[in-house]
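Observations on the model geometry
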Amino acid sequence: MGKRWVALGMGVLGLAIVAAGCNGTSDEDEAGRGKGNDPGDLFDDPTLGNDPQGACGQVDVTFEQRIPYVALLVDQSGSMNENFGGGTRWEVMRDALLDQNNGIVKRLEDEVRFGLSLYTSQNGFEGGTCPMLTGVAADFGNYQKIRAVWDAAQPEDDTPTGESILAIAKQLQAIKDDDAPPKAIVLATDGHPDTCAQPDPQNGQQVSIDAAQQAFAMGIRTYVISVGDEIGDDHLQDMANAGAGLEVGGSMKATFYKALDQGQLEAAFDTIVDGVRDCIFTLDGEVVAGYEDQGVVVLDGEPLDKDDPDGWQLNSSKEVQLLGEACASIQDGEHKLSIDFPCGGYEPPPID
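Residues numbered from 1 in each chain as written. Predicted model: local features only at pLDDT ≥ 70, side-chain atom pairs only at ≥ 80, totals over all residues. Heavy atoms only, no water.

Things to note about helix H4 (residues 143–151)
Defined as follows: Classification of residues uses two cut-offs on accessible area relative to the type maximum, computed with a 1.4 Å probe and protein chains only: under 20% is buried, over 50% is exposed, and between them is partly exposed. A run of H or I in DSSP counts as a helix once it spans at least four residues, and a run of E counts as a strand once it spans at least two, with each numbered from the N terminus. The directions from the helix axis to the C-beta atoms form the arc being described. The contact criterion used throughout is that any non-hydrogen atoms of two residues lie within 4.5 Å.
Three or more residues of H4 are buried, namely Tyr 143, Ile 146, Val 149 and Trp 150. One face of H4 carries all of its buried residues, which in axial projection span an arc of 135°. Exposed side chains of H4 directed beyond 90 degrees from the buried face belong to Gln 144 and Lys 145. In the core, the buried residues of H4 are packed alongside strand E3 (69–75), helix H2 (89–98), helix H3 (104–108), strand E4 (113–120) and strand E5 (132–139).

Topic: the pattern of salt bridges
Pairs can form between side chains of opposite charge whenever their charged atoms are close. Where we set the bar: Salt bridges, as used here, are contacts in which a Lys or Arg side-chain nitrogen is within 4 Å of a carboxyl oxygen on Asp or Glu.
For the structure shown, the criterion picks out 10 salt bridges. When the shortest N-O distance is used, the salt bridge between Asp 233 and Lys 258 registers 2.6 Å. Highlighted residues: Asp 233 in helix H7 (residues 233–244) and Lys 258 in strand E8 (residues 257–259), separated in sequence by 25 residues. Look at Lys 258 and you get partly exposed, because its relative accessible area is 29%. For Lys 306, the salt bridge identified is with Asp 307, shortest N-O distance 3.0 Å. The class for Lys 306 is partly exposed, based on a relative accessible area of 24%. Each of the salt bridges in this network shares a partner with another, and the network as a whole consists of Glu 82, Arg 89, Asp 190 and Glu 230.

Some remarks on the sheet that holds strand E13 (residues 312–316)
We apply this condition: Only strands joined by at least two bridges in the DSSP assignment are considered to pair. The axes are straight lines fitted to the C-alpha atoms, using for helices just the contacting stretch, and the angles between their N-to-C directions are given from 0 to 180°.
Strand order in the open sheet made by the three strands is E9-E14-E13, with antiparallel pairing throughout. In this open sheet, the two edge strands, each paired with only one partner strand, are strand E9 (280–282) and E13. The average undirected angle you get between the axes of adjacent strands in this sheet is 25°. In this structure, E9 lies alongside strand E14 (residues 319–322), joined through three bridges in antiparallel fashion.

Treat this as a map of the structure, not an account of what it does.
Pasting the structure below:
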């Protein structure tokens with residue numbers, strides 16, 4: 001897989017904001033006159049004085065892509081020891097996440113802030129605490145730490161899914177980041193949930209749904225993967241909707257994932273992590289009032305239509321968002337985005 005665009009930062013991307021010059025000048029024009037990169041040079045060019053509206057040059061804006069926090073919340077219940085296509089569910093899950101060559105955490109540890117939480121209980125509170133969470137906080141370069149935690153663990157007992165979702169959501173909520181990157185929980189479980197108060201029978205479905213809804217209210221999306229086919233589709237759909245902020249039982253259906261072998265499990269993780277990013281770009285200047293509909297946005301050489309479901313929209317004077325297919329297309333690989341506004345339509349930040 002190619003280098004990801006994780007709204008979420010793998011490096012710095014140049015976003016060209018062009019206030020299409022009243023005089024048509026550009027950086028290359030200035031270079032041709034022997035000008036340097038000092039913005040003050042613009043005001044030394046006598047040709048700019050012919051423009052009664054003032055100088056309208058090109059402004060290049062660079063920014064760091066926002067890097068998501070992804071908490072892998074993995075069921076550590078005893079049923080994870082059951083067979084799953086040549087290995088146990090626990091072993092296959094480990095390979096999907098942590099294989100040295102193909103595991104998603106290894107491949108993307110420098111592009112996504114991965115964390116891991118293994119969750120279980122010992123018959124509710126009989127183990128002393130519930131839920132029992134073992135893990136690593138989300139961060140860059142976390143492969144070795146996550147692998148060490150996994151290798152020291154094994155499947156235990158029960159499945160307090162709801163309480164575990166809520167505990168991890170609170171941990172993610174406590175992370176303060178000025179860039180406001182996406183935060184997500186990826187839940188991988190092989191059975192219906194129980195609760196800390198009642199570990200048997202497995203009737204914790206509503207608690208889990210409530211927890212996913214509370215996490216969403218905190219700004220944290222929950223994705224759900226069924227490892228095997230023991231969880232009913234109705235509950236998986238309810239969990240997917242709750243995690244996406246959709247009405248539980250409503251007509252809109254969020255995607256849930258049911259993996260029946262290692263290949264499907266790997267594909268589910270890849271699809272989810274690719275999608276855990278937004279398509280919002282914060283400008284370092286701002287669009288001038290009255291010019292909102294005059295912008296030209298070009299992605300990889302192709303113009304996008306404003307307010308088109310597969311184009312772009314202006315969320316505010318400082319924020320552009322790609323939509324639909326335009327958003328989906330930048331979620332893998334490297335891409336070039338440029339934005340034009342006519343002369344006087346874009347105000348760059350003040351020069352220090």
